[in-house]
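Single-letter residue listing:
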Amino acid sequence: MAKQSILGRVSQLVRANVNAMIDQAEDPQLMLDQLVRDYSNSIAEAEDAVAVTIGNLRLLEQDHDEDVSAAADWGRKALAASAKADEFRAAGKAADADKFDNLAKVAIGKQMQSEKEARTAEPTIASQNEVVEQLKAGLDGMRQKLSELTSKRDELVARSKTAAAQSQVHDAMRSIDVMDPTSDLGRFEAKVRREEAKVMGQQELAASSLDQQFESLEDLGKQTEIEARLAALKSGSNQLTATPRRAISE
C-alpha cells in the first residue's frame, strides 16, 4: 500500500462523524455493527501497512548506519595508509611510500562515497520518520474511533432492549385493563353478569310461581270452609224445622 494512500485512508476514517452517520442510518444498530467490522478490518490493514513502512524505515536507518560506519572505517584506513607512507618516505623508500599513499587515496575515495550515500539517505529517513509518526497517530485515532463506535453500539443495543421491554409491559397492562370494555376480561365479566341476571330472573320466576300455588291453596281452603259452613248451616236449619213439629204434636 502506497504511503499517500495509507495516510489518506487513515485520515478519512479518523475524521468520520459517527453521530451524523447514525442519524442518517435506517437501522443504526446494523449500521454500527457494520462500521465496527469495517473499522476493525481497516485498522488491521493499516497496522500491516504501517508495520511495512516502519520496517522499510529501519532498513534505511541500518543502511545509513552502515554507510556512516564504513566512512569512519575507510577514514581510519586512509589515515593508517598515509602514516605508513610517511614512514617509508622518511626511510628513503619512495616507491613503498607512494604505494601506501595510493592506498590512502583509495580509502579516502571509499570514505567519501560512504559519506555521500549517508547524506543522501538522511532526508528520506527524516521524511519517513515523520510519516511513521503520522501513521501511528492516525492508528491511535482509529482505535479511539473504534472504541467510540463500540460504546455507541452497546449503548444503542441496551436502549433498544429497554424500549422493547417497556413496550411489552405497556401492552401487557393494556391487555389486563378491566376498565377496557374491549378487553377479554371485560367481555368475560359482562358474560358472568348476564348469567347472574338470568339466575336472578329464574329465582324470581320460581318465587312467583310458588306464591301463586300458596294463593291457590288458600282459595281452596276458603272454599272448603264455605262449603262446610253451608253444610252446617243447612244441617242446623233442618234441626230447627223438625223440633217445632215435635213440639206441636205433643
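For the structure, see preceding data.
Below you will find a few notes about this structure.

Reading guide: rules and limits
Residues numbered from 1 in each chain as written. Predicted model: local features only at pLDDT ≥ 70, side-chain atom pairs only at ≥ 80, totals over all residues. Heavy atoms only, no water. Core = buried A, V, L, I, M, F, W, Y, C linked by side-chain atoms within 4.5 Å. Buried < 20%, exposed > 50% of the residue type's maximum accessible area, 1.4 Å probe, protein only. Helix = DSSP H or I, 4+ residues; strand = E, 2+ residues; numbered from the N terminus. Salt bridge = Lys/Arg side-chain N within 4 Å of Asp/Glu carboxyl O. Phe/Tyr/Trp six-rings, centres within 6.5 Å; stacked < 30°, edge-to-face > 60°. Lys NZ or Arg CZ within 6 Å of the ring centre and 35° of its normal.

### Concerning the nonpolar core
The nonpolar side chains of a soluble globular protein tend to be buried, and buried together.
Here is step 1 of the chain: Ranked by internal contacts, the top residues of the largest apolar core, which has 14 residues, are L32, L35, L139, M142, L146 and L149.
Here is step 2 of the chain: The set of elements that each furnish at least two residues to this core consists of α3 (28-90) and α4 (94-175).
Here is step 3 of the chain: Examining the composition of this core, we find that eight residues originate from one element, α3, more than from any other.

### Side note on the pattern of salt bridges
Here is step 1 of the chain: One pass over the full model with this rule turns up 10 salt bridges.
Here is step 2 of the chain: Notably, a salt bridge pairs D140 with R143, separated by 3.2 Å at the nearest N-O pair. On the criterion of helical spacing, the pair formed by D140 and R143 is a turn pair, its members being three residues apart in helix α4.
Here is step 3 of the chain: D140 gets classed as partly exposed once you look at its relative accessible area, which sits at 40%.
Here is step 4 of the chain: Sharing partners across several salt bridges, the network here consists of E47, D140 and R143.

### Some remarks on the packing of aromatic side chains
Here is step 1 of the chain: In the structure shown here, the tally under the stated rule is one aromatic pair.
Here is step 2 of the chain: Judged by centre distance (5.4 Å) and plane angle (25°), the rings of F88 and F100 are stacked. Of the two residues, F88 sits in helix α3 while F100 sits in helix α4, which places them 12 residues apart along the sequence.
Here is step 3 of the chain: When its relative accessible area of 22% is taken as the criterion, F100 is described as partly exposed.
Here is step 4 of the chain: The cationic tip of K77 hangs over the ring face of W74; the distance from NZ or CZ to the ring centre is 4.5 Å.

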